[in-house]
Amino acid sequence: RNKTDKKVKIAVAQGDGIGPEIMDATLKILEAAGANIEANFIELGEQVYLSGNTSGITTEAWETINNAKIILKAPVTTPQGKGYKSLNVTLRKSLGLFANVRPVTALYPYVKTNFPNMDVVIVRENEEDLYAGIEHQQTDDVVQCLKLITRPGCERIIRYAFEYARAFGRKKVTCMIKDNIMKLTDGLFHKVFLQIAAEYPDIINESQIIDIGAAHLAAHPERYDVIVTSNLYGDIISDIAAEIAGSVGMAGSSNIGKNIAMFEAIHGSAPDIAGQNIANPSGLLNAAINMLAYIGQPKIADIVKNAWLTTLEEGYHTADIFNNKFSIKKVSTSEFATAVIERIGETP
Ligand code: ATP
Ligand code: MG
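- Within an unreviewed UniProt entry, the label attached to the protein reads Isocitrate dehydrogenase [NADP], and the organism entered is Jejuia pallidilutea.
- What UniProt states about the protein under its Function (unreviewed entry) heading is, verbatim, "Catalyzes the oxidative decarboxylation of isocitrate to 2-oxoglutarate and carbon dioxide with the concomitant reduction of NADP(+)."
- Quoted verbatim from the Sequence similarities (unreviewed entry) heading of the UniProt record, the comment on the protein is "Belongs to the isocitrate and isopropylmalate dehydrogenases family."

Structure (structure tokens):
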């Protein structure tokens, strides 16, 4: 690359729990690969909540985000108890990040899985559905959560899924809904799916009821290609997909909006293993790889991806995937990062 190229500003949130450990590993790898980025650290998450700011994010952080328009974010913890709004939901809604794209690919035989040929992309609607968090206390004993589905919201996410399929040479889009029960809300999602699918005759479309769809996904994930679904269903099936491919610690996601995009691991802050330097940084690293492609640095993205794959193939595995005959060296988070860095620039 041209050394005089202007560095791309990225708003970086180090997060809570295992967040700082996996972010540190990821940033070191990006730097070693020559990513042309400038990290602008932002404050959000647990400390901000506990300081009395119930939104969990500072005004300065918003300014940095609106200025950079690209966010690399480690997982954050929402404190237990009333009054704290989920920062993930706030960010996705405030920034209009309507599509949550979660690719999950098996790395068989190096990473243990029952599904060697699994290669699925879950396209999850990111702003509507029960996740809007509109809840009411009706009486002392009755509570309510509003499921909000709009036609423009359905159109945007479903079109995105078909465009994604076309752009990445994928052959099929599966819609998962529960419209036999929720005839209006999921019914609308399904109706819009069928309308938009008709505009893409080159791509196979199918629809499944979410419960049996999730069951089939868990038993035969290789039958799926792109899956498009609403917010809550998408959350659940992407954890299933990542876990059966090897570990929830492996998958990254892109949150795509009109002018702003946010890249993060699909997993949470895993407080049970925080501070031990044992978490798998691969999910956040994969998110960062997608970020590099998104900001126009696909060559650096490939360099990082190849070094990461080589590291896994050579058996450097963190504890969550240290479980098969290809697991040769059990490494910590930071040792894994060092192993990836050592493999940067090696021709695959
Ligand atoms: P959230 O509601 O924020 O999605 P969650 O309840 O789904 O959180 P996670 O924080 O995602 O929970 O973690 C679930 C479990 O998966 C953790 O207890 C941890 O053991 C494991 N885990 C998650 N991420 C990783 C990782 N990067 N490396 C290793 N193990 C992980
Ligand atoms: Mg989760």
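Continuing now.
A closer look at helix H10 (residues 298-313)
So, point 1. Compared with an ideal rise of 1.5 Å per residue, which puts 16 residues at 22 Å, H10 spans 22 Å between its outermost C-alpha atoms and is within 8% of the ideal.
So, point 2. When H10 is considered as a whole, its buried residues turn out to be Ile300, Ala301, Ile303, Val304, Ala307, Trp308, Thr311 and Leu312. The arc enclosing the buried residues of H10, seen along the axis, measures out at 165°, which places them on a common side.
So, point 3. For H10, the secondary structure elements touched by its buried residues are helix H1 (19-32), helix H9 (282-294), strand S13 (316-317) and helix H11 (333-342).
So, point 4. Gly315, located one to two residues past H10, shows a positive phi value of around 90°.

Examining the site of ligand 1
So, point 1. Near ligand 1 there are 14 residues, and of these Gly249, His267, Gly268, Asn280 and Asp320 occur at the shortest range.
So, point 2. In terms of residue class, the shell around ligand 1 is made up of 6 nonpolar, 6 polar and 2 charged.

Description of the UniProt feature "domain: Isopropylmalate dehydrogenase-like" (unreviewed entry) in the protein
So, point 1. In the numbering used here, UniProt assigns the "domain: Isopropylmalate dehydrogenase-like" (unreviewed entry) feature to residues 9-340.
So, point 2. In residues 9-340, helix accounts for 39% and strand for 20%; the two terminal C-alpha atoms are 24 Å from one another.

Here we look at the environment of Ala99
So, point 1. Structurally, Ala99 can be placed in strand S4 (residues 99-105).
So, point 2. Considering only alpha carbons, one finds Ala99 and Val123, 24 residues apart in sequence, at a separation of 6.6 Å.

Considerations on helix H3 (residues 59-68)
So, point 1. For H3, the set of buried residues is Ala61, Thr64, Ile65 and Ala68. Down the axis of H3, the sector holding all buried residues measures 100°, keeping them to one side. Summarising the geometry of H3, the exposed residues directed more than 90 degrees from the buried face are Thr59 and Asn67.
So, point 2. Two residues or fewer after H3 comes Lys69, characterised by a positive phi angle close to 70°.

With respect to the confidence of the model for the protein
So, point 1. Overall, the prediction assigns the protein a mean pLDDT of 95, with 98% of residues at 70 or greater.
So, point 2. Predicted complex metrics record ipTM = 0.94 and pTM = 0.92.

Some details on the nonpolar core
So, point 1. Counting 102 residues, the largest nonpolar core has Val123, Ala288 and Val304 as its most contacted members.
So, point 2. Excluding residues within four positions of it along the chain, Val123 makes contact with Ala99, Val101, Ile157, Tyr160, Ala161, Tyr164, Val226, Ile227 and Val228.

Scoring rules and cut-offs
What you see as residue numbers is a count from 1 along each chain, following the sequence as written. Each chain is given a letter, starting from A, and each ligand a number, starting from 1, according to the order in which they appear as written. Note on the predicted model: pLDDT of at least 70 is required for a residue's local features to be given, and 80 or more for side-chain atom pairs to be given and counted; whole-chain, interface and lining totals, by contrast, use all residues. UniProt positions are given in the numbering used here, feature names are shortened, and annotations may be inferred rather than shown by experiment. The helix count covers DSSP runs of H or I at least four residues long, the strand count covers runs of E at least two residues long, and both are numbered beginning at the N terminus. Helix span is expected to be 1.5 Å times the residue number reduced by one. Remark: C-beta atoms are placed from the backbone, and a residue is labelled buried if 20 or more other C-beta atoms sit within 10 Å of its own, exposed if 12 or fewer do, or partly exposed between those counts. Note that the arc is defined by the directions from the helix axis to the C-beta atoms. Contacts are defined on C-beta atoms placed from the backbone: any two residues whose C-beta positions lie within 7 Å are in contact. Each residue receives a C-beta atom built from its backbone; the residue is near a molecule or strand if that atom lies within 6 Å of it. In the scheme used here, Gly and all other residues not listed as nonpolar or charged are polar, with Ala, Val, Leu, Ile, Met, Phe, Trp, Tyr, Cys and Pro taken as nonpolar and Asp, Glu, Lys and Arg as charged. Confidence of the prediction at every residue is given by pLDDT, a number between 0 and 100. Only buried Ala, Val, Leu, Ile, Met, Phe, Trp, Tyr and Cys residues enter a nonpolar core, and they are joined through C-beta atoms within 7 Å.

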